[in-house]
Amino acid sequence: MTTTRQINKVVVTGIGMITPLGCETEQVWTALLNGSCGIKTITSFDITDFPIAVGGEILDFDPLAYMDIKKVDRTGRSAQFAIAATKQALNMANIDLAAEDPDRIGILIGTSGMPELLGEQMMIMKEKGPNRVNPLVVSRFRASMAPSHVGMELGVHGINTSINSACSSGNDAIGNAMNHLRLGTADIIIAGGTGSNITPIALATTNRIGALSKVRDPMAACLPFDAARSGFVYGDGACMLVLETEAHALARKAPILAEIAGAGWSFDAFSETNPALEPRISCMKWAIKDADITPSDIDYINAHGTGTKQNDFIETEAIKKLFGTEDIPPISSTKAATGHLGCAAGAVETAFCVLAIRDGIIPPTIHYSTPDPQCDLDYVPNTARRKTIDLCLNNSSGLGGQNCSLIIRRYKNG
Amino acid sequence: MTREEITNELKDIIIQITHKPIAALSDGDNWQSIGADSLDKVQIIMALEEKHDIEILDEDIAAITDMHSFIDLLEKKINA
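Rules used throughout
- Residues numbered from 1 in each chain as written.
- Chains lettered and ligands numbered in written order.
- Predicted model: local features only at pLDDT ≥ 70, side-chain atom pairs only at ≥ 80, totals over all residues.
- Heavy atoms only, no water.
- Helix = DSSP H or I, 4+ residues; strand = E, 2+ residues; numbered from the N terminus.
- Rg over C-alpha atoms; globule rule 2.2 N^0.38 Å.
- Buried < 20%, exposed > 50% of the residue type's maximum accessible area, 1.4 Å probe, protein only.
- Contact = heavy atoms within 4.5 Å.
- Areas by Shrake-Rupley, 256 points an atom, 1.4 Å probe, with all protein chains shown as cover.
- Buried area = accessible area lost by both parts, 1.4 Å probe.
- Salt bridge = Lys/Arg side-chain N within 4 Å of Asp/Glu carboxyl O.
- Polar contact = N/O pair within 3.5 Å; in protein donor to acceptor, adjacent residues only side chain to side chain.
- Expected span 1.5 Å × (residues − 1).
- Phe/Tyr/Trp six-rings, centres within 6.5 Å; stacked < 30°, edge-to-face > 60°.
- Pairing = 2+ DSSP bridges.
- Axes fitted to C-alpha atoms, helices over the stretch in contact; angles between N-to-C directions.
- Parallel < 35°, antiparallel > 145°, perpendicular 65-115°, else oblique.
- Left-handed = near helix turned anticlockwise from the far one by under 90°.
- Lys, Arg positive; Asp, Glu negative; His and termini not counted.
- Core = buried A, V, L, I, M, F, W, Y, C linked by side-chain atoms within 4.5 Å.

Q: Looking at this model, I keep getting lost on the overall build of chain A. Mind explaining?
A: Along the backbone of chain A there are 13 helices and 14 strands. At 20 Å, chain A has a C-alpha radius of gyration in line with the 22 Å of a compact globule built from 414 residues. Among the 414 residues that make up chain A, the fraction classed as buried is 61%. Considering only contacts in chain A between residues 6 or more positions apart, those separated by 24 or more positions represent 78%. With the model as given, the accessible surface of chain A reaches about 15800 Å², and the carbon-plus-sulfur share is 53%.

Q: Would you take a moment to explain the interface of chain B and chain A for this structure?
A: Between chain B and chain A, the contact holds 14 residues from the first and 11 residues from the second. Taken together, the two surfaces of chain B and chain A that pack against each other cover about 1100 Å², and 46% of this comes from carbon and sulfur. Considering only the side of chain B, the residues that lose the most area to chain A are His 19, Leu 39 and Met 46 of chain B, jointly responsible for 45% of the buried surface there. The interface formed by chain B and chain A contains six salt bridges. The partner of Arg 132 of chain A in a salt bridge is Glu 50 of chain B, with the nearest N and O atoms 3.3 Å apart. There are eight residue pairs in polar contact (both at pLDDT 80 or more) connecting chain B and chain A.

Q: Which parts of the structure should I look at to understand helix α11 (residues 309–323) of chain A?
A: Residues spaced three or four apart along an α-helix face the same direction, because each turn holds 3.6 residues. All names here are of chain A. In this model, α11 (15 residues) spans 22 Å end to end at C-alpha, consistent with the 21 Å of a helix rising 1.5 Å per residue. Three or more residues of α11 are buried, namely Asn 311, Asp 312, Ile 314, Glu 315, Thr 316, Ala 318, Ile 319, Leu 322 and Phe 323. Buried-residue contacts for α11 involve α10 (277–290), β9 (300–302), β10 (331–332) and β13 (391–397). With its phi angle positive at about 60°, Gly 324 sits one or two positions after the end of α11.

Q: I keep staring at the packing of aromatic side chains and nothing clicks. Help me out?
A: All names here are of chain A. For the structure on display, the rule yields eight aromatic pairs over all chains. A centroid spacing of 5.1 Å and a plane angle of 65° characterise the contact between Phe 61 and Phe 81, whose relative ring orientation is edge-to-face. With a gap of 20 residues between them, Phe 61 in the loop between β3 (54–55) and α2 (69–74) and Phe 81 in helix α3 (residues 77–92) connect regions that are remote in the sequence. Here Phe 61 and Phe 81 have matching classes, each one buried. The structure contains a cluster of three or more aromatic residues connected by ring pairs, namely Phe 61, Tyr 66 and Phe 81.

Q: How should the pairing of strand β4 (residues 105–110) of chain A be read in this particular structure?
A: Regular strands place side chains that alternate from one sheet face to the opposite one. Residues and elements named next belong to chain A. β4 sits mainly inside the fold: six of its six residues count as buried. Of the two faces of β4, the one carrying Ile 105, Ile 107 and Ile 109 and the one carrying Gly 106, Leu 108 and Gly 110 are both buried. By the bridge criterion, six bridges tie β4 to strand β6 (residues 188–195) in an arrangement that is parallel. Its bridge partner being in β6, Gly 106 is matched across the sheet by Ile 189. Where β4 lies against strand β5 (residues 160–163), four bridges are found, and the strand directions are parallel. Each bridged residue has a counterpart across the sheet, and for Gly 110 the counterpart in β5 is Ile 163.

Q: Please explain the side chain of Gln 121 of chain A as it appears in this structure.
A: With respect to the helices and strands, the residue Gln 121 of chain A is situated in helix α4 (residues 116–128). Ignoring anything within four residues of it in the chain, the contact list for Gln 121 of chain A reads Val 133, Asn 134 and Val 137 of chain A.

Q: Please clarify how the sheet that holds strand β1 (residues 10–18) of chain A should be interpreted in this entry.
A: Sheets are built from strands paired through backbone hydrogen bonds, the pairs being either parallel or antiparallel. Residues and elements named next belong to chain A. Spatially, 10 strands are ordered β5-β4-β6-β7-β1-β8-β14-β13-β9-β10 in an open sheet, and the strand pairing comes out mixed. Every interior strand has two partners, whereas the edge strands, β5 and β10, have only one. Alignment of β13 against strand β14 (residues 402–409), held across seven bridges, turns out to be antiparallel. Bridged to Ser 397 within β14 is Asn 403. Strand contacts of α3: β1, β4, β6 and β7 (237–245), with the helix running at about 130° to β1, the strand carrying the most contacts.

Q: Explanation requested: α3 of chain A in the structure shown.
A: Residue and element names in this part refer to chain A. Taking 1.5 Å per residue as the helical rise, α3 with its 16 residues ought to reach 22 Å, and the 23 Å between its terminal C-alpha atoms agrees with that figure. With respect to burial, α3 is a largely interior element, 12 of its 16 residues being buried. Looking one or two residues past α3, Asn 94 carries a phi angle of roughly 55°, positive in sign.

Q: Is there a simple way to think about the environment of Cys 392 of chain A in this case?
A: Residues and elements named next belong to chain A. Structurally, the position occupied by Cys 392 is in strand β13. For Cys 392, a relative accessible area of 0% corresponds to the buried category. Between the alpha carbons of Cys 392 and Cys 353 there is a distance of 6.2 Å; along the sequence they are 39 residues apart. Those residues within four positions of Cys 392 in sequence are excluded, and the remaining contacts are Ile 298, Tyr 300, Cys 353, Ile 357, Leu 406, Ile 407 and Ile 408.

Q: Could you clarify how one ought to interpret unusual backbone geometry in this entry?
A: Note on backbone geometry: most residues besides glycine have negative phi, and most peptide bonds are trans. Phi is positive for Ala 166 of chain A, which is not a glycine, with a value near 55°. Summarising the element assignment, Ala 166 of chain A is placed in the loop between β5 and α7 (169–183).

Q: Looking at this model, I keep getting lost on the packing of helix α2 (residues 38–52) of chain B against helix α4 (residues 67–78) of chain B. Mind explaining?
A: Residue and element names in this part refer to chain B. The interhelical angle for the contact between α2 and α4, taken along N-to-C directions, is 20°, at an axis separation of 11 Å. As far as their axial angle goes, α4 and α2 are roughly parallel. The interaxial crossing formed by α2 with α4 has right-handed handedness. Residues Ile 44, Ile 45, Leu 48 and His 52 of α2 pack against Phe 70, Leu 74 and Ile 78 of α4.

Q: Just to check I follow, could you spell out the side chain of Asp 29 of chain B for this structure?
A: All names here are of chain B. Mapped onto the elements of the fold, Asp 29 is located in the loop between α1 (3–18) and α2. Here Asp 29 sits buried without a salt bridge, and the closest side chain of opposite charge, Lys 11, lies 10 Å off (N-O distance). Within the structure, Asp 29 has its side chain in polar contact with the side chain of Ser 33 (distance 3.0 Å). Asp 29 has contacts with Ala 24, Ile 34, Asp 66 and Met 67, leaving out every residue within four places of it along the chain.

Q: Please clarify how the nonpolar core should be interpreted in this entry.
A: All names here are of chain A. In terms of nonpolar packing, the biggest core is built from 68 residues, with Val 12, Ile 15, Ile 174, Leu 203, Cys 239, Leu 243 and Ile 408 touching the most fellow members. Counting residues per element, this core draws most heavily on helix α13 (residues 345–359), at 10 residues. Setting aside residues up to four positions removed in sequence, Ile 174 forms contacts with Ala 191, Gly 192, Leu 241, Leu 243, Ile 260, Ala 347, Thr 350 and Leu 406. In terms of nonpolar packing, the next biggest core, distinct from the first, is built from 28 residues, Ala 89, Ile 105, Ala 238 and Met 240 among them.

What follows is the structure, encoded as structure tokens:
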């Protein structure tokens with residue numbers, strides 16, 4: 001026996017973000033369109049003899065503006081970013097939690113937790129014994145604790161989980177949330193990603209695999225699609241989106257910003273560090289099929305565009321093969337401005353797609369100066385570009401081979 | 001340390017960890033009445049262990065019924 005199930009349309013009604021470009025959505029968006037760069041010389045630890053000198057640090061984030069001192073004690077920085085972004089997003093979405101059924105609100109967050117906190121405790125355990133480790137570390141480091149803390153702050157009881165597919169995690173969380181909402185698991189899911197990436201151990205380990213730019217000039221370190229690109233630059237931050245079923249959003253007369261229309265996933269099954277071409281193509285194809293569109297419908301691509309030699313070449317090739325003889329729309333990498341926010345990257349970039357649709361403008365790839373013959377598409381160099389945008393494709397890929405692409409569509413009722 | 005000194009020190013540590021004001025600590029207070037949950041409790045005990053280089057065993061913790069019994073235990077451990 002088969003049953004017929006209604007598939008709900010899923011819409012975005014709120015965005016919150018904490019990024020190196022600012023700690024509020026409209027501030028970040030304005031800075032991005034103006035060509036500002038959030039990458040700076042690292043100041044949170046001594047980089048004098050450190051191989052990596054630049055990153056998208058967040059120096060003006062005050063967790064106490066979003067949570068009480070006790071919650072600050074019990075959370076890692078990445079969960080604090082997620083709580084802040086969630087509260088901003090709920091505010092933009094005009095959601096009165098008291099008027100909602102808490103059983104129907106879920107939280108999905110792409111995060112790797114804060115494993116570096118365990119390192120400190122291992123040193124303490126070695127020196128002083130197992131009874132001297134900090135009991136709060138469990139609450140601070142685990143990946144599952146970011147959604148847990150957000151859910152506790154809001155008092156909501158729907159699906160609550162973390163997702164990790166490395167740098168694909170943000171898109172992955174939004175795509176999974178979309179499917180949960182389509183099937184009716186919840187009415188609202190607050191989904192996105194968070195990452196506190198600029199720590200000595202994260203930079204040292206990622207540097208050892210050759211993925212990071214060693215350039216010490218903040219304005220020349222992250223150069224997506226440029227011939228002089230030398231690796232990616234980490235950034236900190238979070239982005240959370242309020243996703244709702246269309247019916248729920250319409251019933252509460254919510255401001256609808258855009259629709260999450262499709263998601264595609266693929267896995268390279270190839271290498272721990274190097275990307276594979278065909279799965280990149282199939283990932284975009286699945287997303288396009290899921291949204292019931294064709295490549296030629298897409299008006300803008302927010303690329304994964306990390307600034308590594310391999311990623312930017314393979315992504316360019318994949319896009320060319322996807323479009324074949326069709327015209328390829330403008331592509332940009334906003335990582336040149338924000339840095340690579342790791343598990344939050346896909347979520348921030350999905351939010352940028354939503355805002356690009358809202359305002360009819362494509363954010364630029366800043367710091368672009370030297371064309372690479374192997375990367376020969378239109379990357380919207382240096383200056384934002386006016387264009388009516390109805391459909392965006394947002395690509396994310398993770399170290400290890402996980403890919404996730406999303407389709408973001410201008411909302412039309414019905 | 002005198003019992004009064006230990007009581008005052010304990011009160012300060014409780015305030016520091018729970019972030020809740022306490023005017024005075026009375027013998028009849030317990031973890032709940034001072035607003036300490038299980039994580040606060042472990043932190044309070046660890047702070048005292050660190051400060052005085054003492055060890056409070058799990059069976060000692062289980063025997064703490066109120067602040068009176070806790071201060072008794074601290075008096076014994078700190079002044080041993």
